[in-house]
Amino acid sequence: MITTSDFKRRVKDPGDVVAGIILLCFSIVLVFYLVPNYINEPAILQNPMMSPRWLPEIVGWLILLFSILLILQGFLLDRSSEEDERNIEKGSTRRFVLMVVALLIYVALFESMGAVFTGILATLVLFVAHPVRTWWVYSMAFVFPIAVTFIFVEVMNVPLPIAPIGF
Amino acid sequence: MENFSEVIEIFFSLDNFLAIAIGVVIGVVVGSIPGLTATMAVALALPFTFSMQPVAAILLLVGIYKGGMYGGSITAILIRTPGSPASACTLLDGYPMAQQGHAKKALKAALYSSVIADFISNIALIFFAAYLAKIALNFGAPEFFWLICFSLTIIISLASGSMIKGLMAALLGILLSLVGLDEVFGSQRFTFGNYNLMDSISFIPLLIGLFAIPEIIEFYRKKALPHIKAKASGAGLSFSELKRCLTTIVRGSLIGVIIGAIPGTGATAAAFISYSDARRRSPNRANFGKGEVEGVAAAEAGNNGVAGATMIPLLSLGIPGDVITAIILGAFMVHGLTPGPLMFQENLSLIYALFMGIMFSSVVLLLVGNVAIKYFSLIADIPKSVLFPIVLMFCVYGAYAVNNDTFDIWVMMAFGVMGYIFNRAAIPAAPFLIGFILGPMFEDNLRRSLLIGHNDLSIFVRGPITWAFIALTVGSISLALYRFISARREARNAAAKSQEV
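Here the structure is a predicted model, which is why all the values come from computation and not from measurement.

Summarise the overall build of chain A; cite the residues concerned and give the values.
When its secondary structure is counted, chain A shows seven helices and zero strands. Among the 167 residues that make up chain A, the fraction classed as buried is 41%. Entry remark: accessible area of chain A is about 9,300 Å², with carbon and sulfur atoms responsible for 69%.

Set out below in structure tokens:
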């Protein structure tokens, strides 16, 4: 029976094996479910290579093939030097969570509250996340969203949403 | 003569000069800040170009590209942190020079070699792009089909790290490029009933997501590192020192031009090849790696010699040579232009106006570079904790501006997460983007060939050009396999040696 430690010893690059397995599953779903169900094929085709399904199917099979090779690579190839680059020293969870909050602010409030308001709010959240300790830097959180919105809307004529209260 | 006056008319506008100047400044500033890349800056600047004239828009992006190539060397020299991967070679001699109190000399050497290399690269672009485009006018759909196959294989085979991952990234890029309505039959492909996806995935949110968001996520995920302050001190570069480096600079520039003209090879390879060539030939070879000014010049010449040359396949064949030219290709498309041989027939004046702008950008780079050396410490002292919230704001505004739809912000975020996963799994993002761009071209030329040949597959081997591209494609795959096998053998030998020890 293969134990977890045996498995770990045999796998030279677990990252490649995991990535390979995920891509293998994805390619199976792609070839056998997504392509047949989410691409309509015309009733009459003069050449199967003209079909809208042809290239996605080929790509799907190639992903399947290469994901198997990636899994094998994970078992056979020692990429420990590359692994070092991939490993990062994680920071505090608070910083990361606040960054996610800032992203959600942009997605959730951008259209309803306007570019300036969400820009200010999200930038303040990110300043707090790090945190930025120089007090006057917080004024940037107000200056930049206003200035950049002005450049987009007034100078470059690229429309951005404006809040109901007028900015 | 009529064309010439039209070129002058298109080029000599305040907008174009401003676009080049602003572009180079942004490029140098962004390139000199570690963590911010020229690719990211070009992607973020793209939405700003929507309302601009095509020439000014392209020149802005080209300016950022060129400024970014030079800017990367500043931090490499001063704080041993390359602003871009291509500047990694510059620090080998640049940083020891800075430690010996010759930072200013190293920065000046980097600037002058960058400008000379950029100029030589631009000349090569002007001469070869038109010539190549003339040849490419004889290409039909089957020739383009094989050209795209060749470009895909060469880009993937030269992707850094694992070849399998490069291939996988390119395949995922091709797959996602197929989302939307099929151009021939109008069938929906992977739209899942979402009308936002009918017109395929928006290029700009994808771009911003892939190249800007992962850096931001990584910054907030990683442990905060102390901010390092930099200072450019010491004497500048003397004329005799520049003269001594001149041969190295010209040779490095030519290496950069050759490498840049081949899609997918990139500036990093050019910098290292130029550096090792200079070390092999130099009488001061013993001083290389310990603070040799020729080493800085060689690395920067190779690195910047690529900039103009990567535009050769883009303008003449419509094939992007690297990620930045892929973004510039997107900019052409946003402005209703399709680079390629036909552009040399239909928009010749515009092409020559672009050439003039690109030449002018070398002069601007010289001026801006000199100022950047003087005031650099101000730029480098902006901490990332202040910079990244503002970069994120640009990302969101830029993504939204494409279609005025929050859906594009979601697309940007999704590709940002994907880019972050790519980084963590060491999957290169460049083949993904190239696959995304070349995927529809591949399918389009395949189908057109079949239609022209009445479904007869012999159309794909119809003449010497197709055979030449088939040979190049097979050669490129063979080279990639050879590199893969050699790397495996070397790794095995190294492992065996370490076990013996």
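Tell me about the overall build of chain B, residues and numbers included.
When helices and strands are counted, chain B shows 21 helices and two strands. Principal-axis analysis of the C-alpha atoms gives chain B an extent of 70 × 65 × 55 Å. Residues counted as buried form 60% of the 501 residues belonging to chain B. With an accessible surface of roughly 19,200 Å², chain B has 65% of that area assigned to carbon and sulfur atoms. Counting 32 positive and 27 negative side-chain charges, chain B places the centres of these two groups 15 Å from one another.

Explain the interface of chain A and chain B to me, using residue names and the numbers behind them.
Contact residues are listed per partner, giving 70 residues for chain A and 66 residues for chain B. Taking both partners together, chain A and chain B bury about 6,300 Å²; carbon and sulfur atoms supply 76% of that area. Close ionic contact of Asp16(A) with Lys165(B) constitutes a salt bridge, the shortest N to O distance being 2.6 Å. Secondary-structure elements contributing two or more residues to the side of chain A that touches chain B are α2 (14–38), α3 (54–76), α4 (80–86), α5 (93–113), α6 (115–129) and α7 (140–155) of chain A. Of the residues forming the side of chain A that touches chain B, the biggest block, twelve residues, is contributed by α3(A).

For the side chain of His335(B), give the residues involved together with the corresponding values.
Residue and element names in this part refer to chain B. On the secondary structure map, His335 appears in the loop between α15 (323–334) and α16 (341–346). For His335, the side chain forms a polar contact with the main-chain oxygen of Thr49, separated by 3.1 Å. Ignoring sequence-local partners within four residues, the contact set of His335 consists of Thr49, Phe50, Met52, Pro54 and Ala57.

So what's going on with the environment of Thr248(B)? Which residues, and what values?
All names here are of chain B. Positionally, Thr248 belongs in helix α11 (residues 239–261). Distance in space between the C-alpha atoms of Thr248 and Trp467 is 38 Å, their sequence separation being 219 residues. If sequence neighbours within four positions are ignored, Thr248 has contacts with Ala278, Glu294 and Ala298. Within the structure, Thr248 has its side chain in polar contact with the side chain of Glu294 (distance 2.8 Å).

Explain the nonpolar core residue by residue, including any values.
The tendency in soluble globular proteins is for nonpolar side chains to be buried side by side. Core analysis: the biggest nonpolar cluster contains 200 residues, and Ile328(B) and Leu433(B) have the highest contact counts within it. When residues of this core are assigned to their parent elements, the largest contribution, 14 residues, is made by helix α4 (residues 54–79) of chain B. Both domains that furnish three or more residues to this core are identified here as domain 1 (4–86) and domain 2 (93–155) of chain A. Apart from the residues within four sequence positions on either side, Ile328(B) is in contact with Ile58(B), Leu61(B), Val62(B), Tyr65(B), Met311(B) and Leu314(B). Grouped together as the second largest cluster of nonpolar side chains are seven residues, Cys89(B), Ala271(B), Ala298(B) and Ala299(B) included.

How would you summarise the packing of aromatic side chains if you had to cite specific residues and measurements?
Within the structure shown, the criterion is met by 26 aromatic pairs over all chains. Consider the rings of Tyr33(A) and Tyr38(A), whose centres lie 6.0 Å apart with planes at 70°: the pair is edge-to-face. We classify Tyr38(A) as partly exposed; its relative accessible area is 30%. Each ring, one from Phe422(B) and one from Phe432(B), has its centre 5.7 Å from the other, and the planes form 80°; the classification is edge-to-face. Pair noted here: Phe422(B) is in helix α19 (residues 406–424) and Phe432(B) is in helix α20 (residues 429–452), with a separation of ten residues, a long-range link. The same class applies to Phe422(B) as to Phe432(B), namely buried.

Which residues make up the packing of α5(A) against helix α18 (residues 384–403) of chain B, and what are the values?
Taken N-terminus to C-terminus, the directions of α5(A) and α18(B) make an angle of 40°; their axes are 11 Å apart at the nearest point. With respect to each other, α5(A) and α18(B) are oriented oblique. With respect to the hand of their crossing, α5(A) and α18(B) are arranged in right-handed fashion. In this structure, α5(A) uses Leu103(A), Tyr106(A), Phe110(A) and Glu111(A) to contact α18(B), whose residues at the interface are Leu392(B), Met393(B), Val396(B), Tyr397(B) and Tyr400(B). In the contact of α5(A) with α18(B), the residues fall into eight nonpolar, no polar and one charged.

How would you sum up the pattern of salt bridges? Please name residues and give values.
All names here are of chain B. What the rule picks out here adds up to 17 salt bridges over all chains. Notably, a salt bridge pairs Asp277 with Arg281, separated by 3.1 Å at the nearest N-O pair. Here Arg281 and Asp277 lie together in helix α12 (residues 266–281), a separation of four residues that amounts to about one turn. A salt bridge links Arg447 to Glu443, with the shortest nitrogen-to-oxygen separation between them at 3.8 Å. On the criterion of helical spacing, the pair formed by Arg447 and Glu443 is a turn pair, its members being four residues apart in helix α20. As far as the burial class goes, Arg447 and Glu443 line up, both buried.

Provide a residue-level description of the environment of Phe128(B), including the pertinent values.
Position of Phe128(B) relative to the elements: it lies in helix α6 (residues 103–136). By relative accessible area, which is 48% here, Phe128(B) ends up partly exposed.

Quick one: what's the story with the confidence of the model for chain B, residue by residue and with numbers?
In this model, chain B carries an average pLDDT of 83, and 92% of its residues clear a pLDDT of 70 or more. Per-element confidence in chain B is highest for α19(B), whose mean pLDDT is 91, and lowest for helix α1 (residues 2–11) of chain B, whose mean pLDDT is 78.

A description of unusual backbone geometry should follow, citing residues and the corresponding values.
Most of the time, phi is negative for any residue but glycine, and the peptide bond is trans. The linkage connecting His130(A) with the following residue, Pro131(A), adopts the cis geometry, with an omega of -10°. Among the structural elements, Pro131(A) can be located in the loop between α6 and α7. Its identity as a non-glycine residue notwithstanding, Phe190(B) has a phi of 50°, on the positive side. For Phe190(B), the position within the fold is in the loop between β2 (188–189) and α9 (203–211). You will see that Phe192(B), though not glycine, has its phi angle at about 50°, which is positive. With respect to the secondary-structure elements, Phe192(B) resides in the loop between β2 and α9.

Criteria and thresholds
- Residues numbered from 1 in each chain as written.
- Chains lettered and ligands numbered in written order.
- Predicted model: local features only at pLDDT ≥ 70, side-chain atom pairs only at ≥ 80, totals over all residues.
- Heavy atoms only, no water.
- Helix = DSSP H or I, 4+ residues; strand = E, 2+ residues; numbered from the N terminus.
- Buried < 20%, exposed > 50% of the residue type's maximum accessible area, 1.4 Å probe, protein only.
- Areas by Shrake-Rupley, 256 points an atom, 1.4 Å probe, with all protein chains shown as cover.
- Lys, Arg positive; Asp, Glu negative; His and termini not counted.
- Charge placed at Lys NZ, Arg CZ, Asp CG, Glu CD.
- Contact = heavy atoms within 4.5 Å.
- Buried area = accessible area lost by both parts, 1.4 Å probe.
- Salt bridge = Lys/Arg side-chain N within 4 Å of Asp/Glu carboxyl O.
- Polar contact = N/O pair within 3.5 Å; in protein donor to acceptor, adjacent residues only side chain to side chain.
- Core = buried A, V, L, I, M, F, W, Y, C linked by side-chain atoms within 4.5 Å.
- Domains from an automatic or database assignment.
- Phe/Tyr/Trp six-rings, centres within 6.5 Å; stacked < 30°, edge-to-face > 60°.
- Axes fitted to C-alpha atoms, helices over the stretch in contact; angles between N-to-C directions.
- Parallel < 35°, antiparallel > 145°, perpendicular 65-115°, else oblique.
- Left-handed = near helix turned anticlockwise from the far one by under 90°.
- Nonpolar A, V, L, I, M, F, W, Y, C, P; charged D, E, K, R; others polar.
- pLDDT = per-residue confidence, 0-100.

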